[in-house]
Amino acid sequence: MTATYDSLAAHYDAVAGDGAAEAAFVHDLIRQRRLAEPRRGPAATLLDVACGTGAIAGALARPDQGGYRVSGLDISAGMLAVARAKLPAGTPLYQADMTSFSLDARFDAVVCAYQGINHLLSFPAWESFFRCVYEHLNAGGVFVFDIATVGHLARMAGLEKIVQQFGDNYLLIRVHTVDGAVFQWRIEVYELQPDGRYRLLTEVVEMTSFPVGRVREALRRWFTGIEITADDGGSAHPDAEDRIWLTCIKSPDRPS
């Protein structure tokens, strides 16, 4: 099951940030790939999958970040409610599962950031997501997504806990795994109340990852020009990175 984050939607942006830096990175990846295909022109329409509160989509809609005509898709009603209040009026928002969505729209770019794909716990689910993306891209469309690597998830499970203060509230994260494959994240927010007491909000989500070579091989069924980039924009060494970005182009030939 895909994580919903409904109970934490009101605090998500305070913890994750406004998304501007992430959006600038995504825009640069898309721009570079479209420049390599000048006959296509700049990407104009964009779908943000697992869009959450709309931080990435909102930034990408700004003229200085590409000025895309954005749409968002997420399984969480709570997250979409926050996004709806934040994004430009009329922005299409879809509540759907990222492994099985079917929209009456096609896009020049599809993005999935903040390790949204890692919430899919089986490799067939990853492949279903790739197929959905393929089916919703225009010819020459760009697909950009990031992955929390296997090594990163293992390192997170090796930490006792993560504590972060935001405003007058506190975030506590503990990561646990039984089998070394699925990692359970227990996320607790201690929310300050008017009477000075704290209210506990809890969300438990599960994440997994797969070897990058396997992911790249699966992508080749639907996409070409697969490139892997580190968080700093340089060449990635997947086994050593905490997070990597994959960028690819919709294959001109529909897979069988």
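Residues numbered from 1 in each chain as written. Predicted model: local features only at pLDDT ≥ 70, side-chain atom pairs only at ≥ 80, totals over all residues. Heavy atoms only, no water.

Draft legend 1. Spotlight on unusual backbone geometry. The residue Ala50 is not glycine, and still its phi comes out positive at about 55°. Counting through the fold element by element, Ala50 comes out in the loop between β1 (45-49) and α3 (55-60). Although it is not a glycine, Gln115 sits at a positive phi angle of roughly 55°. If you trace the backbone, Gln115 turns up in the loop between β4 (107-112) and α5 (123-135). (Helix = DSSP H or I, 4+ residues; strand = E, 2+ residues; numbered from the N terminus.)

Draft legend 2. Representation of the sheet that holds strand β9 (residues 198-207). With antiparallel pairing, four strands are arranged side by side in an open sheet as β6-β7-β8-β9. The open sheet terminates on both sides in strands that have one partner only, identified here as β6 (162-166) and β9. Neighbour-to-neighbour, the strand axes of the sheet open up by a mean angle of 20°, direction not taken into account. Where β6 and strand β7 (residues 169-177) come together, five bridges link them in antiparallel fashion. (Pairing = 2+ DSSP bridges. Axes fitted to C-alpha atoms, helices over the stretch in contact; angles between N-to-C directions.)

Draft legend 3. Here's a closer look at a nonpolar patch on the surface. On the surface, Val163, Tyr170, Tyr190, Leu192, Tyr198 and Leu200 cluster together to form a nonpolar patch covering roughly 520 Å² of accessible area. Mapped by element, the contributors of at least two residues to the nonpolar patch are β8 (183-192) and β9. Secondary-structure assignment places Tyr198 in strand β9. A residue is classified by how much of its surface remains accessible, and Tyr198, at 41% relative accessible area, is partly exposed. (Patch = residues over 30% accessible without salt bridge, like charges linked within 9 Å, V, L, I, M, F, W, Y side chains within 5 Å. Areas by Shrake-Rupley, 256 points an atom, 1.4 Å probe, with all protein chains shown as cover. Salt bridge = Lys/Arg side-chain N within 4 Å of Asp/Glu carboxyl O. Buried < 20%, exposed > 50% of the residue type's maximum accessible area, 1.4 Å probe, protein only.)

Draft legend 4. Structural context of the pattern of salt bridges. Counted by the stated rule, this structure contains eleven salt bridges. Here Arg243 makes a salt bridge to Glu22, at a shortest N to O gap of 2.6 Å. A residue pair is termed long-range when its members are at least 10 positions apart, and Arg243 in strand β11 (residues 243-250) and Glu22 in helix α2 (residues 20-35) qualify at 221 residues. One salt bridge connects Arg62 with Asp64, and the closest N-O pair in it is separated by 3.5 Å. Within the structure, one salt-bridge network assembled from shared partners comprises Glu22, Asp146, Asp231 and Arg243.

Draft legend 5. Expanded view of the packing of aromatic side chains. All chains considered together, the criterion is met by twelve aromatic pairs. The interplanar angle of 75° and the centroid separation of 5.1 Å between the aromatic rings of Phe123 and Phe210 together place this pair among those described as edge-to-face. Of this pair, Phe123 sits in helix α5 while Phe210 sits in the loop between β9 and α7 (212-219), placing them 87 residues apart in sequence. With relative accessibility at 6%, the residue Phe123 sits in the buried group. (Phe/Tyr/Trp six-rings, centres within 6.5 Å; stacked < 30°, edge-to-face > 60°.)

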